[in-house]
Amino acid sequence: MAGAGDEAEAGDEGGGGGEAGAARGAGRWPAYNAAQVGRGPRDLVLRAIALGRTPTPGAFAVVPSPSGARQAIDLGCGAGVETSALLAAGYDVLAIDPAPGTAELLEGRAPSSDGERPESGTPRLEVRVAGFEDLGPLPDADLVHASYSLPYAPPDVFEQVWAAVRACLRPGGIVAVDLFGDRDGWAGAPGETYLRRAEVDALLDGLEVLWSEEEDAEGPCWSGTKHWHVFHVIARAVRP
């Protein structure tokens, strides 16, 4: 499974949390993101896209986005590898990351939603350079993807971001997320969020868990080797 055990260190794509990797030097995110260009999309987003193609009845809103596509949000998009996968699957994408140079890295992946309407049927890309603490309102979404980014939000900010994610999901919308567990080798790092299993279960209360996997093993990271404790989860917002 592509994920914590491959080339990732301190987040899949640059730590969308603004204070991402504070204990290990957030200034390295631009270099990390640039190094991700050319790799394939991670398993989490591919699973989420596949599950999104088989929605429950009435899962997606009747009113489409302006381009007619479903809406996805990529939190901590970094180099945009997973953003590209979402665009290729036909989603309009709001890609969010705090790292300088994010807009340039994602340039050319899809027509931008800067007021110019793309060709009919072409997915639109909007890039927002912001940390989790400055996230702002999220659009109603059919899929929210956050691969190795949410753990780099401080606990109080994490709670706000998770509430925003839950609130923006349309009925039947999917959230695909990697969360760090309390046995992770970096657990206890200041300004980051590490969760016990019971806390993860509480976050998912009221959602339909479609797929989950708990990783608890030594594995490589961008700068060497560490112990990874990660909850990989894909869940769906149930209809009211």
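Quick note: structure is the one above.
Values in this document were obtained by computation on a predicted structure and should not be read as measured data.

Caption draft 1: Broad picture of the overall build of the chain. Helices and strands together make up the secondary structure of the chain, namely 6 helices and 7 strands. What you see in the chain, going N to C, is helices and strands ordered as α-α-β-α-β-α-β-β-α-β-α-β-β. Relative to its full complement of 240 residues, the chain shows a buried share of 52%. Here the analysis covers contacts within the chain between residues at least 6 apart in sequence; of these, 73% occur between residues at least 24 apart.

Caption draft 2: Main features of the sheet that holds strand β4 (residues 141–146). Across the sheet, which stays open at both edges, the 7 strands sit in the order β3-β2-β1-β4-β5-β7-β6 with mixed pairing between neighbours. Each edge of the sheet is formed by a strand with only one pairing partner; in this case those strands are β3 (125–129) and β6 (207–221). Direction aside, the axes of adjacent strands within the sheet are offset by 10° on average. Along the sheet face, helix α2 (residues 43–52) touches β4, β5 (169–180), β6 and β7 (224–237) and points at about 165° away from the line of β5.

Caption draft 3: Main features of the pairing of strand β1 (residues 71–75). The buried fraction of β1 amounts to 5 of the 5 residues, a majority that puts the element mostly inside the structure. Of the two faces of β1, the one holding Gln71, Ile73 and Leu75 and the one holding Ala72 and Asp74 are both buried throughout. In the sheet, β1 pairs with strand β2 (residues 92–97) via 5 bridges, with the strands oriented parallel. Across the sheet, Leu75 pairs through a bridge with Ile96, a residue of β2. The handedness of the β1 to β2 crossover, carried by helix α3 (residues 81–88), is right-handed. Where β1 and β4 come together, 3 bridges link them in parallel fashion. Note on β4: the bridge partner recorded for Asp74 is His145.

Caption draft 4: Broad picture of the side chain of Glu215. If you trace the backbone, Glu215 turns up in strand β6. Of the side chains bearing the opposite charge, Lys226 lies closest to the buried Glu215, which forms no salt bridge; the N-O distance is 8.4 Å. At 2.8 Å, the side chain of Glu215 and the side chain of His232 are in polar contact.

Caption draft 5: Quick look at the environment of Arg124. With respect to the element layout, Arg124 can be found in the loop between α4 (102–106) and β3. Residue class for Arg124 comes out buried when judged on its relative accessible area of 18%. Along the backbone, Arg124 and Leu87 are 37 residues apart, and their C-alpha atoms lie at a distance of 7.7 Å.

Caption draft 6: Just the packing of aromatic side chains, in detail. Summed over all chains, the structure comprises 6 aromatic pairs. Between Tyr148 and Phe180 the ring centres are 6.3 Å apart and the planes differ by 65°, which places this aromatic pair in the edge-to-face class. With Tyr148 in the loop between β4 and α5 (155–168) and Phe180 in strand β5, this pair connects stretches of sequence that are 32 residues apart. No difference in accessibility class separates Tyr148 from Phe180, as the two residues are buried. For the ring pair Phe180 and Trp228, a centre distance of 6.0 Å and an interplane angle of 70° mean the geometry is edge-to-face. Here Trp228 lies in strand β7 and Phe180 lies in strand β5, a separation of 48 residues in the sequence.

What counts and how
Residues numbered from 1 in each chain as written. Predicted model: local features only at pLDDT ≥ 70, side-chain atom pairs only at ≥ 80, totals over all residues. Heavy atoms only, no water. Helix = DSSP H or I, 4+ residues; strand = E, 2+ residues; numbered from the N terminus. Buried < 20%, exposed > 50% of the residue type's maximum accessible area, 1.4 Å probe, protein only. Contact = heavy atoms within 4.5 Å. Pairing = 2+ DSSP bridges. Axes fitted to C-alpha atoms, helices over the stretch in contact; angles between N-to-C directions. Right-handed = clockwise from strand over helix to strand, strands pointing away. Lys, Arg positive; Asp, Glu negative; His and termini not counted. Salt bridge = Lys/Arg side-chain N within 4 Å of Asp/Glu carboxyl O. Polar contact = N/O pair within 3.5 Å; in protein donor to acceptor, adjacent residues only side chain to side chain. Phe/Tyr/Trp six-rings, centres within 6.5 Å; stacked < 30°, edge-to-face > 60°.

So far we have only geometry, and geometry alone does not tell us how the molecule works.
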